[in-house]
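Structural overview
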Amino acid sequence: MAGRTEIERALTELLRPEAFRDYGPNGLQVEGRAEVRRIASGVTASLAFIDAAIAAGADTLLVHHGLFWRGQDGRLTGWLRERVRRLLVHDINLFAYHLPLDAEPRLGNNAQLGALLGLEADARFGEQDLGFIGAAGALASVQALAERAAAALGRAPLVVPGDGRPLARIAWCSGGAQGYFEAAIGAGADAFVTGEISEPQAHLARETGVAFLACGHHASERYGVAALGAHLAECFALEHRFVDIDNPA
Ligand SMILES: [Zn+2]
């Protein structure tokens, strides 16, 4: 058992949310009970996740995608009311860390995705240094990289192959980081791995020769929050369980 404020302090120290410009508030988004025993981690604070976590007996939720985002009008109605109501009724804490969790160099989404693919970053790139880049090593072809991604993430990536050059440098950034493609090319990548693709990236891949692999937003962001939950469990002698709610996107 540990105090909620003690856990929040540890998360702030580790993830340094104040250092990021983000699309929503990082940290404690919904306040529940003061004592924490059982954490459930998950990618998104969806209703299905909240319900599964409650069924698993969690008193504290840890997610990458929280409830509140820039551009919302602030009303607790409809689906958002339902999610918040569940948390309040069950006196559950909700911690959410977005960009700080992508960036954290050991437990974060990009570090964990890299480790899963067998890549180690030796440099960072892009806005707020969120992009990771490193030597391709054994993943010297787009096919080898795509096969590794498919095996590691359990789904085949969407691949725009580029010009077929041997891969020396691979860049990656989890989730919806298709907007980082040009920065990855600028940083010297021969291939870029992220979660999603939008229309312009297919043309950029063809015209620059740099391969683009979209591996799934959800699939590429499962690992940071699970690693962070396990880390907290170890530090504070808590129970922890990662709850995966499948998402085709
Ligand atoms: Zn995301």
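One structure accompanies this document, and this report is about it. (Residues numbered from 1 in each chain as written. Predicted model: local features only at pLDDT ≥ 70, side-chain atom pairs only at ≥ 80, totals over all residues. Heavy atoms only, no water.)

Within the protein one finds 10 helices and 13 strands. Judged by the C-alpha coordinates and their principal axes, the protein covers about 55 × 35 × 30 Å. Out of the 249 residues in the protein, the part that is buried amounts to 51%. Here the analysis covers contacts within the protein between residues at least 6 apart in sequence; of these, 66% occur between residues at least 24 apart. Just so you have it, the protein exposes about 11000 Å², and 51% of that area is on carbon and sulfur atoms. When the 22 positive and 30 negative side-chain charges of the protein are each reduced to one mean point, those points stand 5 Å apart. (Helix = DSSP H or I, 4+ residues; strand = E, 2+ residues; numbered from the N terminus. Buried < 20%, exposed > 50% of the residue type's maximum accessible area, 1.4 Å probe, protein only. Contact = heavy atoms within 4.5 Å. Areas by Shrake-Rupley, 256 points an atom, 1.4 Å probe, with all protein chains shown as cover. Lys, Arg positive; Asp, Glu negative; His and termini not counted. Charge placed at Lys NZ, Arg CZ, Asp CG, Glu CD.)

Okay, the coordination of the zinc ion next. For the zinc ion, the full set of protein donor atoms is His65 (NE2), His217 (NE2) and Glu221 (OE), and the range of their distances to it is 2.1 Å. Sequence positions of the donors to the zinc ion reduce to the motif H-x151-H-x3-E. With His65 in strand β5 (residues 60-65) and His217 in helix α9 (residues 217-220), this residue pair connects regions lying 152 residues apart in the sequence. Across the pair, exposure class does not vary: His65 and His217 are buried alike. (Donors = N, O, S within 2.8 Å, 3.2 Å for Na, K, Ca; no water.)

Counting 22 residues, the largest nonpolar core has Leu145, Leu167, Ile170, Val193 and Leu213 as the members making the most contacts within it. Residue assignment for this core shows that the elements contributing at least two residues are α5 (109-117), α6 (142-153), β10 (169-172), β11 (191-194) and β12 (211-214). At five residues, α6 tops the list of elements feeding residues into this core. Leave out the neighbours within four places in its chain, and Val193 touches Leu117, Leu145, Ile170, Ala171, Trp172, Cys173, Leu213 and Cys215. In this structure, Ile133, Val160, Ala202 and Phe212 belong to the second largest nonpolar core, which totals 20 residues. (Core = buried A, V, L, I, M, F, W, Y, C linked by side-chain atoms within 4.5 Å.)

Moving on to the packing of helix α2 (residues 47-55) against helix α3 (residues 78-89). Interhelical geometry of α2 versus α3 gives an angle of 15° and a closest axis separation of 10 Å. Regarding the angle of α2 to α3, the classification is roughly parallel. The handedness of the crossing between α2 and α3 is left-handed. Residues Leu47, Ile50, Asp51 and Ile54 of α2 form the contact with α3, whose own contacting residues are Glu82, Arg83, Arg86 and Leu87. (Axes fitted to C-alpha atoms, helices over the stretch in contact; angles between N-to-C directions. Parallel < 35°, antiparallel > 145°, perpendicular 65-115°, else oblique. Left-handed = near helix turned anticlockwise from the far one by under 90°.)

Per the stated rule, a full pass over the model turns up five aromatic pairs. Here the aromatic rings of Phe125 and Phe192 are separated by 6.4 Å at their centres, their planes lie at 70°, and the arrangement is edge-to-face. Placement of the pair is Phe125 in strand β7 (residues 123-125) and Phe192 in strand β11, with a sequence separation of 67 residues. The exposure class of Phe125 is buried, given its relative accessible area of 5%. Residue classification places Phe192 among the buried residues on the basis of a relative accessible area of 0%. Measuring from ring centre to ring centre gives 5.8 Å for Phe192 and Phe212, while their planes differ by 65°; the resulting arrangement is edge-to-face. (Phe/Tyr/Trp six-rings, centres within 6.5 Å; stacked < 30°, edge-to-face > 60°.)

To continue, consider the sheet that holds strand β6 (residues 93-96). Ordered by their spatial adjacency, five strands build an open sheet running β2-β6-β5-β4-β13, and the pairing between neighbours is mixed. Each of the sheet's edge strands pairs with one partner strand only, and the pair in question is β2 (27-30) and β13 (239-242). Strand-to-strand twist of the sheet, defined as the mean angle between neighbouring strand axes without regard to direction, takes the value 30°. Examined bridge by bridge, strand β4 (residues 38-44) and β5 share five bridges and lie parallel to one another. Bridge pairing in β5 links Ile39 to Thr60. This element, helix α1 (residues 4-15), spans β2, β5 and β6 of the sheet and lies at about 5° to β6. (Pairing = 2+ DSSP bridges.)

It is worth stressing that arrangement in space is one thing and function is another; only the former is reported here.
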